[in-house]
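# Secondary and tertiary structure notes
One-letter residues, chain by chain:
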Amino acid sequence: MQIILTLSLAAAAIGSGLVAGIFFAFSTFIMPAFSRIPTEQGIAAMNSINVTIVRSPFMGLFVPTAILCLVIAVLAVIDWRGGASLLMLAGAALYVLASFLSTIVFNVPMNDALEKVAGSGPDAMAFWTTYLRDWTWWNHVRTIASLLASVAFVRVLMIV
């Protein structure tokens, strides 16, 4: 059981850390760069990313890390280890709820709506401005949650 726990925690720490890095890139320079180019180009670039990302290795990292977090949560409860189990549950909850589920509930619907927007007229510009603000805010949430999940998993590895 210990080897399964250790490997799961290490993989979840790496997975959530990598996901945090990807989200960090969007928050710190990708979305700000898109805000600096003409609306039509920004929308086209983001739509292209949204199509590409679901077919990329990112999905092979993002989804399995969520599944691994669920496994870690179960292991934390089955073999209760006090503070270590609390950290395991915290890391799992941060990743699954604030990173994975917030993506499904907030970012993906915004991406789906963006897919229907074209052009550079006033409606497109208004939508794009709102999209950039709201999508990036939720991306900040995902970034911080993924990073904190990684930190929690690393901390558990230090004490188990």
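Structural notes, computed from the coordinates. (Residues numbered from 1 in each chain as written. Predicted model: local features only at pLDDT ≥ 70, side-chain atom pairs only at ≥ 80, totals over all residues. Heavy atoms only, no water.)

## Considerations on the pattern of salt bridges
Counted according to the given criterion, the structure contains two salt bridges. The closest approach of N and O atoms between Arg-81 and Asp-79, which form a salt bridge, is 2.9 Å. Overall, Asp-79 belongs to the partly exposed group, its relative accessible area being 28%. A salt bridge links Asp-134 to Arg-133; its shortest N-O distance comes to 2.9 Å. Exposure remark for Arg-133: the relative accessible area of 52% places this residue in the exposed category. (Salt bridge = Lys/Arg side-chain N within 4 Å of Asp/Glu carboxyl O. Buried < 20%, exposed > 50% of the residue type's maximum accessible area, 1.4 Å probe, protein only.)

## Quick look at the nonpolar core
Of all hydrophobic cores here, the largest spans 25 residues; its most connected members are Leu-9, Val-19, Phe-62, Ile-72, Met-88, Tyr-95 and Phe-153. Among the secondary structure elements, those contributing two or more residues to this core are helix H1 (2-36), helix H3 (57-78), helix H4 (83-115) and helix H5 (122-159). Broken down by element, the residue count for this core peaks at ten residues, all from H3. Setting aside its immediate chain neighbours within four residues, Tyr-95 contacts Ser-16, Val-19, Leu-61, Phe-62, Thr-65, Ala-66, Cys-69, Phe-100, Ser-146 and Ala-149. Counting residues in each nonpolar core, the second largest holds 15 residues, with Ile-30, Leu-114, Val-117 and Trp-135 among its members. (Core = buried A, V, L, I, M, F, W, Y, C linked by side-chain atoms within 4.5 Å. Helix = DSSP H or I, 4+ residues; strand = E, 2+ residues; numbered from the N terminus. Contact = heavy atoms within 4.5 Å.)

## Observations concerning the packing of aromatic side chains
Going through the model one piece at a time under the given rule, you end up with eleven aromatic pairs. Ring geometry for Phe-58 and Phe-62: centres 5.1 Å apart, planes at 20°, overall stacked. Pair noted here: Phe-58 and Phe-62 are both in helix H3, with a separation of four residues, about one helical turn. Both residues of the pair, Phe-58 and Phe-62, belong to the buried class. Considering the side-chain rings of Trp-137 and Trp-138, the 4.8 Å spacing of their centres and the 85° angle between planes classify their relative orientation as edge-to-face. Residue classification places Trp-138 among the partly exposed residues on the basis of a relative accessible area of 23%. One aromatic cluster in this structure is built from Phe-23, Phe-58, Phe-62, Tyr-95 and Phe-100. Its guanidinium or amino end placed over the ring of Phe-23, Arg-142 lies 3.9 Å from that ring's centre, counting from NZ or CZ. (Phe/Tyr/Trp six-rings, centres within 6.5 Å; stacked < 30°, edge-to-face > 60°. Lys NZ or Arg CZ within 6 Å of the ring centre and 35° of its normal.)

## Remarks on the side chain of Thr-39
Along the polypeptide, Thr-39 turns up in helix H2 (residues 39-53). Non-local contacts of Thr-39, meaning those with residues more than four positions away in its chain, are made with Gly-119, Ala-124, Met-125 and Trp-128.

## Regarding H2
Turn by turn, an α-helix covers 3.6 residues, leaving residues three or four places apart pointing in a common direction. Between its first and last C-alpha atoms H2 spans 21 Å; for 15 residues at 1.5 Å apiece the expected length is 21 Å, and the two agree. Listing the buried residues of H2 in full gives Thr-39, Gly-42, Ile-43, Met-46, Asn-47 and Asn-50. Mapping the buried residues of H2 onto a view down its axis gives an arc of 130°, with all of them on the same face. Residues of H2 that are buried sit in contact with H1, H4 and H5. (Expected span 1.5 Å × (residues − 1). Arc of directions from axis to C-beta.)

As far as function goes, none of this settles anything; it's purely spatial.
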